Each structure stands twice: as C-alpha cells, then as structure tokens.
Amino acid sequence: MSERASERSNTMLADNVAAAGRVQQRRMIGLARNTEVIHRRSPGNGGYLPSPRVSPATRQPRIHEVRRLRDMLRAAVYAGQFEDGVLPSEAELMSAHRLSRATVREALALLRNEGLIERTQGIGTHAIVDSVSTPWTEAHGTAEPAPDSMFNRRMRPRVIDRSIVTVPATVAGRLQVSPGTPCLRLEYVALVEEEPMALATNYVLFPEAGKIRDAPFVSDWYALMAEAGVELSETEFVFGCELADAPLAAALGIREGAPLISMEQLIYDRSGRPFDLAFIHTCGERFRFVSRVFKELR
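These notes cover the structure that comes with them. These numbers come from a predicted model, not from an experiment.

When helices and strands are counted, the protein chain shows nine helices and 12 strands. Looking at the 298 residues of the protein chain, the share that counts as buried comes to 36%. Looking at the protein chain alone, contacts between residues at least 24 apart form 55% of all its contacts between residues at least 6 apart. Split by element, the accessible area of the protein chain, about 18000 Å² in all, is 52% carbon and sulfur.

Let us now look at the packing of helix α2 (residues 61-78) against helix α4 (residues 101-114). At a closest axis distance of 9 Å, the pairing of α2 and α4 adopts a crossing angle of 50 degrees. It follows from the interaxial angle that α2 and α4 lie oblique. In the crossing of α2 with α4, the sense of the turn from one axis to the other is right-handed. Contacts between α2 and α4 involve Arg62, Glu65, Val66, Leu69, Arg70, Leu73 and Arg74 from the first element and Ala102, Thr103, Val104, Glu106, Ala107, Leu108, Leu110, Leu111 and Glu114 from the second.

Compared with the 20 Å implied by 1.5 Å per residue over 14 residues, the 20 Å span of α4 between its first and last C-alpha is a close match. Within α4, the full set of buried residues consists of Thr103, Val104, Ala107, Leu108, Leu111 and Glu114. The buried residues of α4 all sit within an arc of 130 degrees when viewed along its axis, so they share a single face. Buried-residue contacts for α4 involve α2, α3 (90-97) and β3 (117-120). Following α4 by one or two positions, glycine 115 adopts a phi angle in the positive range, close to 85 degrees.

With that settled, the discussion passes to the environment of aspartate 276. For aspartate 276, the position within the fold is in strand β11 (residues 274-283). Accessibility expressed as a relative area gives 0% for aspartate 276, which makes it buried. Separated by 71 residues in sequence, aspartate 276 and leucine 205 have C-alpha atoms that sit 6.4 Å apart. Not counting residues up to four positions away in its chain, the partners in contact with aspartate 276 are Leu175, Asn202, Tyr203, Val204, Trp221, Gln265, Leu266 and Ile267. A polar atom in the side chain of aspartate 276 sits 3.1 Å from the side chain of tryptophan 221.

A few words now on unusual backbone geometry. Across residues other than glycine, the phi torsion is negative in most instances, and most of the peptide bonds are trans. Here phenylalanine 206 and proline 207 are connected by a cis peptide whose omega angle stands at 10 degrees. Turning to its location among the elements, proline 207 is positioned in the loop between β8 (195-205) and α7 (208-213). Notably, glutamate 193 is not glycine yet its phi reads approximately 55 degrees, a positive angle. Looking at the element boundaries, glutamate 193 is found in the loop between β7 (182-192) and β8.

The next thing to look at is the sheet that holds strand β9 (residues 234-243). Spatially, six strands are ordered β6-β7-β8-β11-β10-β9 in an open sheet, and the strand pairing comes out antiparallel. For this open sheet the edge positions go to β6 (155-166) and β9, each flanked by a neighbour on one side alone. Recorded for the sheet is a direction-independent mean angle of 15 degrees between the axes of neighbouring strands. Across 10 bridges, the pairing between β9 and strand β10 (residues 259-268) is antiparallel. By the bridge assignment for β10, leucine 243 is matched with proline 259. Packed on one face of the sheet, helix α8 (residues 221-228) meets β6, β7, β8, β9, β10 and β11 and runs near 20 degrees to β10.

Overall, the coordinates contain seven aromatic pairs when judged by the stated rule. With centroids separated by 6.1 Å and ring planes inclined at 5 degrees, the aromatic side chains of tyrosine 188 and tryptophan 221 adopt a geometry described as stacked. With tyrosine 188 in strand β7 and tryptophan 221 in helix α8, this pair connects stretches of sequence that are 33 residues apart. Residue tyrosine 188 is classed as buried on the basis of its relative accessible area, which comes to 8%. The exposure class assigned to tryptophan 221 is buried, which follows from its relative accessible area of 6%. On the numbers, 6.1 Å between centres and 80 degrees between planes, the contact of phenylalanine 217 with tryptophan 221 is edge-to-face. What links up through ring pairs into an aromatic cluster is the set Phe237, Phe239, Phe287 and Phe289.

Reading the values: the criteria
- Residues numbered from 1 in each chain as written.
- Predicted model: local features only at pLDDT ≥ 70, side-chain atom pairs only at ≥ 80, totals over all residues.
- Heavy atoms only, no water.
- Helix = DSSP H or I, 4+ residues; strand = E, 2+ residues; numbered from the N terminus.
- Buried < 20%, exposed > 50% of the residue type's maximum accessible area, 1.4 Å probe, protein only.
- Contact = heavy atoms within 4.5 Å.
- Areas by Shrake-Rupley, 256 points an atom, 1.4 Å probe, with all protein chains shown as cover.
- Axes fitted to C-alpha atoms, helices over the stretch in contact; angles between N-to-C directions.
- Parallel < 35°, antiparallel > 145°, perpendicular 65-115°, else oblique.
- Left-handed = near helix turned anticlockwise from the far one by under 90°.
- Expected span 1.5 Å × (residues − 1).
- Arc of directions from axis to C-beta.
- Polar contact = N/O pair within 3.5 Å; in protein donor to acceptor, adjacent residues only side chain to side chain.
- Pairing = 2+ DSSP bridges.
- Phe/Tyr/Trp six-rings, centres within 6.5 Å; stacked < 30°, edge-to-face > 60°.

Written out as structure tokens, the structure is:
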C-alpha cells in the first residue's frame, strides 16, 4: 500500500471513530432525557451512565392518581371511617376526587389485592379488615391502657412454648450475658377477638424468668409481668418489615406474602439491666401504632 493510500485509510478510520462517538453521545443524551435515572453505574472508563429503566414517573400522572387514591382509601379503611365497612360507590369516588372510572377501579383493585376490601357485583365494596390501633406509650408498657385498648384484657395468648433453655449465642450479646446462661423461652400467638395479631418469642433471664414461668398467662405480656411481680423501667423497639414466609404464615393463619411488622424488643429492669429480648412479628394489615408528641413551647 502506498504512503498516500495508507494516510487516506487512517483518516477514514479516525472519521468513522469520531462519528461513532457522536452517535453514542447523542444516544446517551436521549437516554438521559427519556429515562428515569435511579442510580449511576460505572461503564468501566471512569464515567457514569444513567441506569436504563422506566420512563420518568412525572410523565405518568395516572399512576400517581391511582396511588394517592389508594393511600387515602387504605387509611380510611384502617381508621374505620366507613359506616358498616361500606365504601362509597365508584361514581361517588369519581365525583368526590374528580378522577376517571379507570383510575378509581385500579385503586380499588390494589386494595382488593392487599386483602383489605371485597367487591361484589350488584352489592358494592366492603372493608374486610378490622385493624387495631394502640398508642405508642401503651405498646411500650409505660402507660396505663385505655378502656378500649387491646392491652386492657382484650388480648389472649395461645402459648406455643414455655420452657427453660440456654440463651442462644446471638441473643446473649443483646442481654449482656454469656452464651449458655439459663433463661425462659416463652413463645405465643397474641389473639385479639380470636384473630391472630402477632407471634412473639421472648427470652427472659432469671430472676424474672422464675416469677414469670409459673404465673397465669391470660392476657398480654405486660399484664403477665405485672401479675408476676416483674417491674420494668424502660423498653426499646427496633422496627423492620417483611413478608410472611411459610412458617410465619402457618403460625399466624395468614397468607404467604402478607405484610408483617417485625420488631425486636428489649425490656430493662429498674437498674437498667436488660432481662427480656423478644422477637415479634405483627400482622401489618391488622395493627397500627399511634404516636403523638407535643413540642415544648418557649
């Protein structure tokens, strides 16, 4: 190949590379404009590319309309705002919220899939979940329960296990004792109006375990401790969420995949020593915490 031909070939190659680069740049600009950037991923050359995913949520207004209506109706169902559990008709919801029939139907379908409502042709839409709310202070056991509280003798335990075991290694650190220390393992399903509400597994150290072991367990955990003569000074919760797997679904009598509030609770004695660690799984469809605090005015 002559020197001039080689030079032309190199020039054409450089032009092709530059053109390809411009095309790729235009593609990336278009991708960035028409793609929701959820996170950035490295292409391996020190730069960052947007993650290709769905188009921007702001371009799908009906998705937000469905979500907002679903949230409002769900909160109203949980709060028992609908008389006899009967939801407004589709036409009433359309008029009240200025939404299309398709949007209303989609929001109701989401609630039905969650197991919160039931729709019957020619009859209407009914709430089929009966949720329980409890003030935060009552859940901690630091306040006297209200007359209508589930902590006021409305709860009944179904005991699964009540035995003396050694503290598991993963529990020992939380209770600040050596693995193998004797403790009481008390596991039960909490029933409210005969419906399973939660599954709790408690690991209780001695001497508190000795008092609780033989005490009648007829209501909630705090009532059991009070009747056994066990005092607490403070409690601590760590919250999470999960979906019910097969063992939890079987224990609680719920469907697999149902939402659960997962909790770890530590209870301390008067000296600040932790003596009870509980792992609790609460039915998210049936239980809500209510927390209200006041800002001190200056």
